[in-house]
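# Fold and geometry: a report
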Amino acid sequence: MKKTYYILLSLIILISCHSKTESTEFQNGDIIFQTSTSGQSKAIQIATGSKYSHMGIVYKQGNDFFVYEAIQPVKLTPLADWIKRGENEHYVVKRIKNSQNLLTPETLTKMKQVGEKYSGKDYDLYFEWSDSRIYCSELVWKIYKEAVGLEIGKLENLGDFNLTDKTVKQKLKERYGDNIPKDELVISPASMFDSDQLITVFKN
């Protein structure tokens, strides 16, 4: 009886460990968030009410993982390097619901093809809703919209954010002077992070 008990216990532990590995292992198309250490990060955090100010899409090439991100310029960055750039190397990985059916090999190929048209483009310091320059959350949102047909997070106007804080005001003044485009469409990392279309698969 004891032998049977220990065999069953061992099987339960093995299944539990396997499930944990399966749920936390990175996959192509995962969305990764961090707190940037850039000069504008604090203003973004305050304006959007979010801890996270930078994000990208995880892709696997061979045995290595990379993050496709909009920095200066838009490029593919080794995952380990991307993590090191973040505050305290903290990050959160999220995944779209039903990814096993939505992120087929064909769809992932299309995501990379869509993303390729932004490769090498300048980072958009002005957060304009155009394709000439692009910022981090805009890149991820547009790739998912065009390749997968999903709108992750809610589009907002720049004027919808908290623009009254001193740090935010200073950054706006640097970028826009006295002509803040409050009607400009914006997708924030916060809005995508909070989307009910995503599930958290890993955080450190």
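A brief report on the enclosed structure follows. No experiment lies behind these values; they were computed from the predicted model shown.

About the thresholds
Residues numbered from 1 in each chain as written. Predicted model: local features only at pLDDT ≥ 70, side-chain atom pairs only at ≥ 80, totals over all residues. Heavy atoms only, no water. Core = buried A, V, L, I, M, F, W, Y, C linked by side-chain atoms within 4.5 Å. Buried < 20%, exposed > 50% of the residue type's maximum accessible area, 1.4 Å probe, protein only. Helix = DSSP H or I, 4+ residues; strand = E, 2+ residues; numbered from the N terminus. Contact = heavy atoms within 4.5 Å. Expected span 1.5 Å × (residues − 1). Phe/Tyr/Trp six-rings, centres within 6.5 Å; stacked < 30°, edge-to-face > 60°. Polar contact = N/O pair within 3.5 Å; in protein donor to acceptor, adjacent residues only side chain to side chain. Pairing = 2+ DSSP bridges.

## Some details on the nonpolar core
Of all hydrophobic cores here, the largest spans 44 residues; its most connected members are Ile31, Met111, Leu139, Ile143, Tyr144, Ile152 and Met192. Take this core: its biggest share by element is seven residues, from helix H6 (residues 136-147). Leave out the neighbours within four places in its chain, and tyrosine 144 touches Gly29, Ile31, Ile57, Ile96, Leu103, Met111, Gly149, Leu150 and Ile152.

## Examining H6
In an α-helix, one turn spans 3.6 residues, which is why side chains three or four residues apart end up on the same side. Along its twelve residues, H6 runs 17 Å from first to last C-alpha, staying within 8% of the 16 Å computed at 1.5 Å per residue. Regarding H6, the residues found buried are Cys136, Ser137, Glu138, Leu139, Val140, Trp141, Lys142, Ile143, Tyr144 and Ala147. Of the residues one or two after H6, glycine 149 is the one with positive phi, at around 80°.

## Section: the packing of aromatic side chains
The full count for this structure, using the stated rule, is nine aromatic pairs. Aromatic pair tryptophan 129 and tryptophan 141: ring centres 5.4 Å apart, planes at 70°, arrangement edge-to-face. Pair noted here: tryptophan 129 is in the loop between helix H5 (105-116) and H6 and tryptophan 141 is in helix H6, with a separation of twelve residues, a long-range link. On the basis of relative accessible area, tryptophan 129 is assigned to the partly exposed category, the value being 25%. Among the residues examined, tryptophan 141 registers a relative accessible area of 6% and is labelled buried.

## Things to note about the side chain of threonine 35
Looking at the secondary structure, you find threonine 35 in the loop between strand E1 (31-34) and helix H2 (41-48). For threonine 35, a relative accessible area of 2% puts it in the buried group. Among the polar contacts made by the side chain of threonine 35, one reaches the main-chain carbonyl oxygen of lysine 51 at a distance of 2.8 Å. Leaving out residues up to four positions away in the same chain, threonine 35 has contacts with Ser41, Gln45, Lys51, Tyr52, Ser53, Gly86 and Glu87.

## Overview of the pairing of strand E2 (residues 54-61)
In terms of residue burial, E2 counts as a mostly covered element, since six of its eight residues are buried. Two strands pair when backbone bridges link them, and E1 and E2 are joined in this way by four bridges, in the antiparallel orientation. Bridging across to E2, phenylalanine 33 finds its partner in methionine 55. One ladder, built from five bridges, connects E2 with strand E3 (residues 64-70); its direction is antiparallel. Along E3, the bridge assignment pairs tyrosine 59 with phenylalanine 66. Hairpin connection of E2 to E3: two residues between the antiparallel strands, including glycine 62 at a positive phi of 65°.

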